[in-house]
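Observations on chain architecture
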Amino acid sequence: MLVLVAPGQGAQTPGFLTPWLDLPGAADRIAAWSDAIGLDLAHYGTRADADEIRDTAVAQPLLVAAGLLSAAALDASPSVVAGHSVGEITAAALAGVIDDEAALRFVRTRGLGMAEAAAVTETGMAALLGGDPDVTIPHLEKLGLTAANVNGSGQIVAAGTAAQIAALEADMPEGVRRVVALKVAGAFHTHHMAPAVEKLRAAVGDLTVSDPTVRYVSNADGHTVATGTEVIARLVGQVANTVRWDLCMETFQSLGVTALVELSPGGTLTGLAKRALPGVKTLALKTPDDLDTARALISEHAGA
């Protein structure tokens, strides 16, 4: 059984889209999506520097575009789809809940709304490596921080104001080995993003929504979601709610997933799966050079 997963913000690196644009039809698709959302995805994916693509309003559409482009090149038929944070929009398109252009329009609204919300207060996020969630999460709450991502394999991402992140670095929870500041522009998946939730809620009325054609696993709670309206409602609320990727991986295991392929720019979710899902074959689509290996893996595991 195959699961396709799409990474979240922070996975992007300068120039990562360049090799994908050499595939037949890829440049035309990127150009059409760029026109639809008023953002030059080809420029940001090939020539922009790290600071430019760190911008939330840029990074999010770029990641969804890359995920959809790599999924089209792979041309797989997964049994399950899921995404981390903004990657859930990619997953929704792969599941047939919304079409590709609608996904790009939705994520453009999301990115702009979250960038505006992040500009109100100086906020950020930091990954905690090691530790026990039962100890770490209460410690974060004591410091006024939110456990924005519970990723499994001993990794939690905290989010809050710059002062709260600094306090965490000076007062780490017991068992945590290291606190690593993330290259994101705000405290995503916290109450700081409430204004963005309202913008998305106002935007979803224009969407044409269908029920998922494959199992769609939500990172709100790791549950499979059967209706398109519920998928969209969760995408809206997710902006200010904790991402429970640990529960998604537990669901993959309970469903009997045997292979996991992470769409471009893959790596982060593959690393988590290697630690949390022993026995599951994993592969990250970093460049088109990985496509043949991914297809071989899929031929062994797809179709359950």
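In what follows, the accompanying structure is described. (Residues numbered from 1 in each chain as written. Predicted model: local features only at pLDDT ≥ 70, side-chain atom pairs only at ≥ 80, totals over all residues. Heavy atoms only, no water.)

1. Description of the pattern of salt bridges
According to the stated counting rule, one finds eight salt bridges in the structure shown. The salt bridge partner of Glu-101 is Arg-105, with a shortest N-O separation of 2.9 Å. Highlighted residues: Glu-101 and Arg-105, both in helix α6 (residues 100-118), separated by four residues, approximately one helical turn. For Arg-105, a relative accessible area of 42% gives the class partly exposed. Each of Asp-221, Glu-230 and Arg-234 takes part in salt bridges that share partners, so that together they form one network. (Salt bridge = Lys/Arg side-chain N within 4 Å of Asp/Glu carboxyl O. Helix = DSSP H or I, 4+ residues; strand = E, 2+ residues; numbered from the N terminus. Buried < 20%, exposed > 50% of the residue type's maximum accessible area, 1.4 Å probe, protein only.)

2. Looking at the sheet that holds strand β3 (residues 123-130)
As summarised here, the arrangement of the four strands in space is β4-β5-β3-β6, forming an open sheet in which the pairing is antiparallel. The open sheet has two edge strands with one neighbour each: β4 (146-152) and β6 (176-181). Pairs of neighbouring strands in the sheet enclose a mean axial angle of 25°, with direction left out of account. When β3 meets strand β5 (residues 155-161), the two strands line up antiparallel, connected through seven bridges. From the neighbouring strand, Ala-126 faces β5, where its bridge partner is Ala-158. Relative to the sheet, helix α8 (residues 162-170) contacts β3, β5 and β6, its axis offset from that of β5 by approximately 135°. (Pairing = 2+ DSSP bridges. Axes fitted to C-alpha atoms, helices over the stretch in contact; angles between N-to-C directions. Contact = heavy atoms within 4.5 Å.)

3. Digging into the environment of Leu-269
Secondary-structure assignment places Leu-269 in helix α12 (residues 268-276). Take Leu-269: its relative accessible area is 3%, and that puts it in the buried class. The sequence separation of Leu-269 and His-84 amounts to 185 residues, and the corresponding C-alpha distance is 8.1 Å. Discounting chain neighbours no more than four positions away, the residues touching Leu-269 are Val-5, Ala-6, Pro-7, His-84, Trp-245 and Glu-262.

4. Considerations on α8
Taken residue by residue, α8 has Gln-164, Ile-165 and Leu-168 as its buried positions. Looking straight down α8, one finds that the buried residues subtend no more than 100° of arc, so they occupy a single side. Facing away from the buried side of α8 by over 90 degrees, the exposed positions are Ala-163 and Ala-170. Against β3, α7 (133-142), β5 and β6 lie the buried residues of α8. (Arc of directions from axis to C-beta.)

5. Let's talk about the side chain of Glu-88
With respect to the helices and strands, Glu-88 occurs in helix α5 (residues 87-94). Although Glu-88 lies buried, it forms no salt bridge, and the closest oppositely charged side chain, Arg-234, sits 6.9 Å away as judged by the N-O distance. At a separation of 2.9 Å, a polar atom in the side chain of Glu-88 contacts the side chain of Gln-238. The residues contacting Glu-88, other than those within four sequence positions of it, are Gly-83, Tyr-216, Val-217, Ser-218, Asn-219, Leu-235 and Gln-238. (Lys, Arg positive; Asp, Glu negative; His and termini not counted. Polar contact = N/O pair within 3.5 Å; in protein donor to acceptor, adjacent residues only side chain to side chain.)

6. A short note on the packing of aromatic side chains
On inspection of all chains with the given rule, the structure shows one aromatic pair. With a centroid separation of 5.8 Å and an interplanar angle of 80°, the aromatic rings of Trp-245 and Phe-252 are classed as edge-to-face. With respect to class, Trp-245 is no different from Phe-252; both count as buried. (Phe/Tyr/Trp six-rings, centres within 6.5 Å; stacked < 30°, edge-to-face > 60°.)

7. Side note on unusual backbone geometry
Residue Pro-265 is bonded to the preceding Ser-264 through a cis peptide linkage, with omega at -5°. Among the secondary structure elements, Pro-265 is positioned in the loop between β8 (259-262) and α12. Phi angles above zero are rare outside glycine, and Asp-75 is one such case at about 55°. Structurally, the position occupied by Asp-75 is in the loop between α4 (56-74) and β2 (80-83).

8. So, the nonpolar core
Core analysis: the biggest nonpolar cluster contains 75 residues, and Leu-41, Leu-104, Tyr-216 and Leu-285 have the highest contact counts within it. Those residues in contact with Leu-41 that sit more than four places away from it in its chain are Leu-17, Ile-30, Trp-33, Ser-34, Pro-61, Leu-62, Ala-65 and Leu-104. If you look at the next biggest cluster of nonpolar residues, it comprises 18 residues, including Met-1, Leu-260, Leu-269 and Leu-277. (Core = buried A, V, L, I, M, F, W, Y, C linked by side-chain atoms within 4.5 Å.)

The values reported here are purely geometric and, on their own, carry no functional implication.
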